[in-house]
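One-letter residues, chain by chain:
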2 protein chains.
Amino acid sequence: MVTIRDIAKEAGVSVSTASRALNDNPHVSQATRQRVQQLAEQMGYVPNLNAKNLTNGEANAVGVIFPTSDRVAQANPFYIDLLRGINLELVAHHAVLSIAIGSTPEMLLQNVRAMVQQSHIKKFIFLYSDVNDEVAQWLRDQDIPFVIVGHPIDHGDDLFVDNDNFEAGAAAARYLLTHYHVKHPVFVESNQGWEYEMNRREGFERVMAAYHIPVRIISITAETSNTETIHAIENNPAIDGVIATDDDRAMEFYRLWHLTQTETIPFISFNQTVAKQLVDNEFHSINLFPERMGEAAAQLLFQSDESTRARHRLIPFEIN
Amino acid sequence: MVTIRDIAKEAGVSVSTASRALNDNPHVSQATRQRVQQLAEQMGYVPNLNAKNLTNGEANAVGVIFPTSDRVAQANPFYIDLLRGINLELVAHHAVLSIAIGSTPEMLLQNVRAMVQQSHIKKFIFLYSDVNDEVAQWLRDQDIPFVIVGHPIDHGDDLFVDNDNFEAGAAAARYLLTHYHVKHPVFVESNQGWEYEMNRREGFERVMAAYHIPVRIISITAETSNTETIHAIENNPAIDGVIATDDDRAMEFYRLWHLTQTETIPFISFNQTVAKQLVDNEFHSINLFPERMGEAAAQLLFQSDESTRARHRLIPFEIN
DNA sequence: CTGTTAGCGCCTTCAA
DNA sequence: TTGAAGGCGCTAACAG
């Protein structure tokens, strides 16, 4: 293994200048920097990040915190794409992606605590946000920076990356009204109180108000029986378009709709979870670009320029 | 930050004995060990893993390698559960879970290479297996141990954790024949050549052969149109039970079945991806316990006892 | 069984 | 702009 000493020796400089040169420290002459870097390249030098971690007092890792099991059900494919996006940015910073995951909040906190106290990981990304979350609170107490993917709920000054869910809900509504001339759209939701769902619904409602269309909403929760939903459908014979808050609900509603109705109506759902070819042409999806969200989250975490520091990023969506 | 020196001083021993005591090194008297450990506890000592990593020449991390994009689409919750299981075992070893993920094999390899060369990560878990996989090959060349979740394809001596997919396919078939007295089951597959699918199918076929029932198979790939599948259904009017290779195909087939047929028939699918309450009572799922698989994979990676070293673990499944 | 010592590879004062 | 030296926290010979 070729170390910084080897390079220093070969270049005829001291280890300290070699170190400076390799880290683009300004206190080195342009000449020696180039020479050292080139030599390092030739000799196949690769920095030992464990050593760096020790001297820097910080690990070259970002902790990505998953929600505890119960909550994970919904947004699913989302997570993998998020990871890919985050990682894309991390490799550029020579950092690795470490994950914290557990089935209870206690285990999660324990996991995160070990990461910062033992491994000295000092940057985190939350893949959820919750009121009174003890993990987030603990990190705040330790002055450890983190970014939330999604919307902060009870701490407005947390850094976050999100979609403009209000606008997405509105855009979906407009899309149905404009492209399909829908007169009586329905909003199908989970009614779990998720921030993103509420925002989408508000966007939807705003557009309904503008067009003087009464708001129709159907909830499908884990407790909702098929027959209940079918009744809801039958009680709303005018429905001629659907906006669903997620793909699961969209598919479920789609199935029950076609069980009882013969006509085809347009659907819009979020996240493109469901392969589009599985269903018909009037099934649209709003792509939220999770990979971009992940990338942006990591960028937010690594931004150093005090002056232009951003507190959040909204990732644009796309209907298709 | 309280270090090992502080403890040594306080305990009136040298740093080396303190180190030994804390690491349960046998070359310490029971007495001093207890005293030191107790003192460490009291003083709130927490080991600096970065320092350990440096001296040990190995990071306290396990790299978990995701498949490149295309493959991941479906079985998403599966991966999350796997991660949870892996992590569960890792925390016990004071190790962190680092992930390697990328959209192309090149990026993936680059990612993994950086992990071992720069971060000195020396234990890996593959969340896929592929013929001629260059990442796996590279790790073999470096003599770096890894465990595959799934079945090794072209290197029989790789360590792996899997389900007994053959037996699962057979069990599903028997379940339909026994519990539902099905006479003409159909096996719905993706026909992508996945090892696990072929094994499930072989199990199914074995049982069909034993019962002298002709084998019926329907493929649903990304290119298969709805009408093709519906034709397949209509051409097989005798079908009275379904075994689907995954939940996506199950749901799709279920939908198309009920679009054209009025009778209800039992379904068996794998992985419990789809919330069961979304569909009717005759929709069964084979639980593969991904969390246990992850746990077992990590255990395989950490097993030290040469004598009893296992090369693989098969995780039992359950029909429900 | 215990202590002394010398690093692991790198960074960062401090002087020059 | 450079070099020498000390140290990050811990482990592992080597002596005793």
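Looking at an unreviewed UniProt entry, one finds chain A named LacI family transcriptional regulator, with Levilactobacillus bambusae as its source organism.

J.: Describe in detail the protein's contact with DNA strand D, supporting the description with residues and values.
T.: In the vicinity of DNA strand D lie 27 residues, with R20(A), I4(B), S19(B), Y45(B) and K52(B) positioned nearest. For DNA strand D, the backbone makes up 64% of the atoms found within 4 Å of the protein, where backbone means sugar plus phosphate. Within the side chain of R20(A), a nitrogen or oxygen atom sits 2.8 Å from a base nitrogen of DNA strand D. Of all the elements in the fold, those that place two or more residues in the surface near DNA strand D are α2 (15–22) and α4 (49–56) of chain A together with α1 (4–11), α2 (15–22) and α4 (49–56) of chain B. Ranked by the residues each element gives to the surface near DNA strand D, the list is headed by α4(B), at four residues. In terms of residue class, the surface near DNA strand D is made up of eight nonpolar, 15 polar and four charged.

J.: Could you give an account of the UniProt feature "domain: HTH lacI-type" (unreviewed entry) in chain A, naming the residues involved and the relevant values?
T.: Residues annotated by UniProt as "domain: HTH lacI-type" (unreviewed entry) correspond here to residues 2–56 of chain A. With 69% helix and 0% strand, residues 2–56 of chain A has its two end C-alpha atoms placed 20 Å apart.

J.: Hey, could you go over the environment of L82(B) for me, with residue numbers and the actual values?
T.: Locating L82(B) in the fold gives a position in helix α5 (residues 76–92). Along the sequence, L82(B) and E295(B) sit 213 residues apart, while their C-alpha atoms lie 7.7 Å from each other.

J.: How would you sum up the nonpolar core? Please name residues and give values.
T.: Counting 94 residues, the largest nonpolar core has F66(A), I125(A), L127(A), F66(B), I125(B) and L127(B) as its most contacted members. Non-local contacts of L127(B), meaning those with residues more than four positions away in its chain, are made with V64(B), I65(B), F66(B), P67(B), Y79(B), L82(B), I86(B) and V149(B). Counting 44 residues, the second-largest nonpolar core is a separate cluster that includes V96(A), F160(A), M115(B) and I121(B).

J.: Quick one: what's the story with the sheet that holds strand β4 (residues 146–149) of chain A, residue by residue and with numbers?
T.: The strand order across the open sheet formed by 12 strands is β11(A)-β5(A)-β4(A)-β3(A)-β1(A)-β2(A)-β2(B)-β1(B)-β3(B)-β4(B)-β5(B)-β11(B), and the pairing between neighbours is mixed. Unpaired on one side and paired on the other, β11 (312–315) of chain A together with β11 (312–315) of chain B mark the two borders of the sheet. Ignoring strand direction, the axes of neighbouring strands in this sheet form an average angle of 25 degrees. With five bridges joining them, strand β1 (residues 61–65) of chain B and strand β2 (residues 96–100) of chain B adopt parallel strand pairing. When the bridges of β2(B) are listed, A61(B) appears paired with V96(B). Strands in contact with helix α13 (residues 290–302) of chain A are β1 (61–65), β3 (124–126), β4, β5 (159–163) and β11 of chain A; relative to β5(A), the strand with the most contacts, it is inclined by about 160 degrees.

J.: I'd like a rundown of the protein's contact with DNA strand C, residues and numbers included.
T.: The environment of DNA strand C is made up of 26 residues, and the closest members are I4(A), S19(A), Y45(A), K52(A) and S16(B). Restricting attention to atoms of DNA strand C within 4 Å of the protein, one finds that 58% of them are sugar or phosphate atoms. Here S19(A) contributes a side-chain N or O atom positioned 2.8 Å from a phosphate oxygen of DNA strand C. Side-chain polar atom of R20(B) to a base nitrogen of DNA strand C: 2.8 Å apart, as the coordinates give it. When residues of the surface near DNA strand C are traced back to their parent elements, those giving at least two are α2 and α4 of chain A together with α2 and α4 of chain B. Looking at the surface near DNA strand C element by element, the count peaks at four residues for α4(A). Taken together, the residues of the surface near DNA strand C break down into eight nonpolar, 15 polar and three charged.

J.: Explain the interface of chain B and chain A to me, using residue names and the numbers behind them.
T.: Tallying the contact residues gives 50 residues for chain B and 50 residues for chain A. In total, chain B and chain A occlude about 4200 Å² of area from one another, counting both sides; carbon and sulfur atoms represent 61% of this. When the buried surface of chain B facing chain A is broken down by residue, N50(B), R84(B) and Q118(B) rank first, second and third, together holding 16% of it. Here chain B and chain A share zero salt bridges between them. Counting the contacts that link chain B with chain A gives seven residue pairs in polar contact (both at pLDDT 80 or more). Going through the elements one at a time, α4, α5, β2, α6 (105–117) and α11 (247–260) of chain B are the ones with two or more residues in the side of chain B that touches chain A. The biggest single contributor to the side of chain B that touches chain A is α5(B), with nine residues. Pairing of strand β2 (residues 96–100) of chain A with β2(B), which is carried by three bridges, proceeds in the antiparallel orientation. The residue bridging I99(A) from the neighbouring strand is L97(B), located in β2(B).

J.: Outline the sheet that holds strand β8 (residues 241–244) of chain A, supporting the account with residue identities and numerical values.
T.: The strand order across the open sheet formed by six strands is β7-β6-β8-β9-β10-β12 (chain A), and the pairing between neighbours is mixed. With one partner strand each, in any of the chains shown, β7 (217–219) and β12 (318–319) of chain A form the two edges of the open sheet.

J.: Tell me what's going on with the environment of I144(A), and back it up with residues and numbers.
T.: Residue and element names in this part refer to chain A. If you trace the backbone, I144 turns up in the loop between α8 (134–141) and β4. Residue class for I144 comes out buried when judged on its relative accessible area of 10%. Measuring from C-alpha to C-alpha, the distance between I144 and V116 comes to 8.9 Å, with 28 residues separating the pair along the chain. Those residues within four positions of I144 in sequence are excluded, and the remaining contacts are V116, K122, K123, F124 and L139.

J.: Lay out the pattern of salt bridges with the relevant residues and their values.
T.: Evaluated as defined, the whole model comprises 16 salt bridges over all chains. The salt bridge partner of R84(A) is D81(A), with a shortest N-O separation of 2.9 Å. In this pair, R84(A) and D81(A) are both assigned in helix α6 (residues 77–92), three residues apart and thus about one turn of the helix distant. Across the pair D24(B) and R33(B) runs a salt bridge, and its minimum N-O distance is 3.9 Å. Judged by relative accessible area, D24(B) falls into the partly exposed class, the value being 48%. A residue is classified by how much of its surface remains accessible, and R33(B), at 15% relative accessible area, is buried.

J.: Let's hear about the packing of α1(B) against α2(B): which residues, and what values?
T.: All names here are of chain B. Between α1 and α2, whose axes approach to 8 Å, the crossing angle comes to 105 degrees. Considering their axes alone, α1 and α2 lie roughly perpendicular with respect to each other. Between α1 and α2, the contacting residues are I4, R5, I7 and A8 on the first element and V15, A18, S19 and L22 on the second. Classifying every residue of the contact of α1 with α2 gives six nonpolar, one polar and one charged.

The rules behind the values
Residues numbered from 1 in each chain as written. Chains lettered and ligands numbered in written order. Predicted model: local features only at pLDDT ≥ 70, side-chain atom pairs only at ≥ 80, totals over all residues. Heavy atoms only, no water. Near = heavy atom within 4 Å. Polar contact = N/O pair within 3.5 Å; in protein donor to acceptor, adjacent residues only side chain to side chain. Helix = DSSP H or I, 4+ residues; strand = E, 2+ residues; numbered from the N terminus. Nonpolar A, V, L, I, M, F, W, Y, C, P; charged D, E, K, R; others polar. UniProt positions renumbered as here; feature names shortened; annotations may be inferred. Core = buried A, V, L, I, M, F, W, Y, C linked by side-chain atoms within 4.5 Å. Buried < 20%, exposed > 50% of the residue type's maximum accessible area, 1.4 Å probe, protein only. Contact = heavy atoms within 4.5 Å. Pairing = 2+ DSSP bridges. Axes fitted to C-alpha atoms, helices over the stretch in contact; angles between N-to-C directions. Buried area = accessible area lost by both parts, 1.4 Å probe. Salt bridge = Lys/Arg side-chain N within 4 Å of Asp/Glu carboxyl O. Parallel < 35°, antiparallel > 145°, perpendicular 65-115°, else oblique.

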